[in-house]
Amino acid sequence: QVQLVESGGGLVQAGGSLRLSCAASGRTFSTYLMAWFRQAPGKEREFVAAITASGTSTYYADSVKGRFTISRDNAKNTVYLQMNSLKPEDTAVYYCAGTIKYLSVQYYYTAAPYDYWGQGTQVTVSS
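This section reports on the structure supplied with the text. (Residues numbered from 1 in each chain as written. Predicted model: local features only at pLDDT ≥ 70, side-chain atom pairs only at ≥ 80, totals over all residues. Heavy atoms only, no water.)

**Some details on the pairing of strand E8 (residues 78-83)**
With 5 of 6 residues buried, E8 is to be regarded as a mostly interior element. In terms of strand pairing, strand E7 (residues 68-73) meets E8 through 6 bridges, oriented antiparallel. By the bridge assignment for E8, arginine 72 is matched with valine 79. Here E7 folds back onto E8 in antiparallel fashion, the turn holding 4 residues, of which asparagine 77 has a positive phi close to 55 degrees. (Buried < 20%, exposed > 50% of the residue type's maximum accessible area, 1.4 Å probe, protein only. Helix = DSSP H or I, 4+ residues; strand = E, 2+ residues; numbered from the N terminus. Pairing = 2+ DSSP bridges.)

**Description of the environment of aspartate 62**
Structurally, aspartate 62 can be placed in the loop between strand E6 (58-60) and E7. Sequence-wise, aspartate 62 and valine 48 are 14 residues apart; in three dimensions their C-alpha atoms are separated by 8.6 Å. Engagement of the side chain of aspartate 62 in a polar contact is seen with the side chain of lysine 65, the distance being 3.1 Å. (Polar contact = N/O pair within 3.5 Å; in protein donor to acceptor, adjacent residues only side chain to side chain.)

**Considerations on the state of the cysteines**
A covalent bond between the sulfur atoms of two cysteines is what we call a disulfide. Enumeration according to the criterion identifies 1 disulfide in this entry. Put simply, cysteine 22 and cysteine 96 are joined by a disulfide, and their sulfur atoms are 2.1 Å apart. Taking the torsion about the sulfur-sulfur bond, which here is approximately -75 degrees, the covalent link between cysteine 22 and cysteine 96 counts as left-handed. Taken together, the positions of cysteine 22 in strand E3 (residues 18-24) and cysteine 96 in strand E9 (residues 92-99) put the pair 74 residues apart, joining distant regions of the chain. (Disulfide = S-S within 2.5 Å.)

**A short note on the environment of serine 7**
Tracing the backbone shows serine 7 in strand E1 (residues 4-7). The exposure class assigned to serine 7 is partly exposed, which follows from its relative accessible area of 37%. Each C-alpha atom of the pair serine 7 and glycine 118 lies 9.9 Å from the other, and the pair is 111 residues apart in sequence. Residues contacting serine 7, with those up to four places away along its chain left out, are Arg19, Leu20, Ser21 and Thr121. (Contact = heavy atoms within 4.5 Å.)

Geometric values such as these leave the question of function open.
If you want it as structure tokens, here you go:
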């Protein structure tokens with residue numbers, strides 16, 4: 001069983017930056033595919049970014065490409081989301097997710113295959 005705890009959310013002005021962290025329990029973190037999703041009020045949860053277990057490959061939603069960077073430190077059991085040039089439309093609750101399952105890349109972008117989820121952290125971007 002893996003527990004995920006996000007931190008780093010907050011209120012920021014448009015154009016600003018935030019870095020989210022997701023700390024994982026357990027000794028098998030380095031074998032997990034990890035991802036960030038977000039959910040705005042009244043909207044479905046949407047994919048933001050994913051990173052493979054080794055950290056060598058990353059994947060992004062088109063809406064954040066070039067502005068957000070996902071990374072991980074397996075020695076610290078932590079995955080990060082660096083968010084730059086934030087926009088009001090980035091306002092949402094951000095969730096960290098993970099799975100040990102082997103997934104084809106096409107499934108990285110959907111929430112259902114992920115087994116473990118954090119409680120979420122609020123990000124609010126003011127205009």
